[in-house]
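Structure at a glance
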2 protein chains.
Amino acid sequence: MDKLIALVSKLPGLGPRSARRIVLHMLRKRDTVLVPLIKQLQYVAEHAKTCSLCRNVDVHDPCSICTDTTRLTNVLCVVEDIGDLWALERSRLFKGRYHVLGGTLSALEGRRPEHLGIDHLMMRVRDEPIEEVILALNATADGHTTAHYIAEHMQTMPHIRITRLAQGIPVGGELDYLDEGTLGTAFQSRLPL
Amino acid sequence: MDKLIALVSKLPGLGPRSARRIVLHMLRKRDTVLVPLIKQLQYVAEHAKTCSLCRNVDVHDPCSICTDTTRLTNVLCVVEDIGDLWALERSRLFKGRYHVLGGTLSALEGRRPEHLGIDHLMMRVRDEPIEEVILALNATADGHTTAHYIAEHMQTMPHIRITRLAQGIPVGGELDYLDEGTLGTAFQSRLPL
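Being a predicted model, the structure only gives us computed values, none of them experimental. (Residues numbered from 1 in each chain as written. Chains lettered and ligands numbered in written order. Predicted model: local features only at pLDDT ≥ 70, side-chain atom pairs only at ≥ 80, totals over all residues. Heavy atoms only, no water.)

Things to note about the interface of chain B and chain A
Reports often express the size of an interface as the amount of accessible area lost when the parts come together. Residue-level contacts link 40 residues of chain B with 40 residues of chain A. Roughly 3,900 Å² is buried in total at the junction of chain B and chain A, and carbon and sulfur atoms are behind 75% of that figure. Linking chain B with chain A are 2 salt bridges, by the criterion used here. Notably, a salt bridge pairs Arg 28 of chain B with Asp 81 of chain A, separated by 2.6 Å at the nearest N-O pair. Here chain B and chain A share 6 residue pairs in polar contact (both at pLDDT 80 or more) between them. At the level of secondary structure, the elements contributing two or more residues to the side of chain B that touches chain A comprise helix H1 (2-9), helix H2 (16-28), helix H3 (30-47), strand E2 (57-58) and helix H4 (82-91) of chain B. (Contact = heavy atoms within 4.5 Å. Buried area = accessible area lost by both parts, 1.4 Å probe. Salt bridge = Lys/Arg side-chain N within 4 Å of Asp/Glu carboxyl O. Polar contact = N/O pair within 3.5 Å; in protein donor to acceptor, adjacent residues only side chain to side chain. Helix = DSSP H or I, 4+ residues; strand = E, 2+ residues; numbered from the N terminus.)

What follows is the structure, encoded as structure tokens:
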């Protein structure tokens, strides 16, 4: 029991107290909570694979996004992480395909282009009928570095349009509560009304 | 994957966002996080039993507390819930045995004495060499009702000392931040210095 609590408490966002609450809840509802959860975890552990095309994780390889024939094949959205892909899918705005880097370049943490499979990305862009690459990387220093690195390497393919996500005030954001960086970017990138 | 996120997000204290973070983490660390977690969950699901003596949950029946011969047999601590038992065990102050009610009496939620196995508790107090019963119930209205109900039923056994936990200012508590109920109780129960 203690070992289970220790394992649960190491999951992101949880600590010993929340882990105990969760384990207690699972013990109380063994048949309705614990057993279905074990089954689903096992299913995922056995069947989840990394898509050999876009590096998304799914039960199929190629993943259900890569094999979806209703999606556009001429727009490729490059994201850092599967979590970012999920976030974009929830917004239901993007109808093209993805490429998951699995991180950013980082001199500090020693992540170089070969770790992100940027060669593989270049190959896809060259071989598939791609017209636009959207660099949907996080608005962090490492995200910017990675975006610039990719954009530079794609200059050999001038027919490809390279775009990045707009930066500015988030929807519902109040100026008074925004950091200066966001406010500065939003000011500089102002658009005619 | 979505089904797993849905199951995880229904655990206490978690929501869709934290569930996604956890599932993502488990996918990234399949061998070091997901697989050990599944194994431990399975072990608990298969082996956890309710102790027939005290209604604690353990992999043995009777539980390791009831069979621990170094523990006092003459003091019995009555708690609402397994979580309360764990909390007392963490404090390492109590060296007797426990009795888990599994809830409180509640007219509103229709929990009557037979649901809490109070007969079973009475039997233990009668048959075991118990000298003191500590009613370590929560300081809530239902907890008080339950404590009074049990104390009343034990009046047929006048040789048993019945006690309850002290109420007052928590350690480190500042008067300014305490609710009036706690402050009032602490004031009324003041002790000579």
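Having put the structure on the table, let's press on.
Things to note about the pairing of strand E4 (residues 97-100) of chain B
Residue and element names in this part refer to chain B. Covered by surrounding structure in E4 are Arg 97 and His 99 together with Tyr 98 and Val 100, the residues of both alternating faces. Here strand E3 (residues 75-79) runs beside E4; their pairing, made up of 4 bridges, is parallel. Pairing of Val 79 across the sheet is with Val 100, part of E4. With H4 bridging E3 and its parallel neighbour E4, the resulting β-α-β unit is right-handed. (Buried < 20%, exposed > 50% of the residue type's maximum accessible area, 1.4 Å probe, protein only. Pairing = 2+ DSSP bridges. Right-handed = clockwise from strand over helix to strand, strands pointing away.)

So, the confidence of the model for chain A
In the predicted model, chain A carries a mean pLDDT of 90, and the fraction of residues at 70 or more is 100%. Taking the mean pLDDT of every element in chain A, the minimum, 81, falls on helix H7 (residues 180-188) of chain A and the maximum, 95, on strand E4 (residues 97-100) of chain A. (pLDDT = per-residue confidence, 0-100.)

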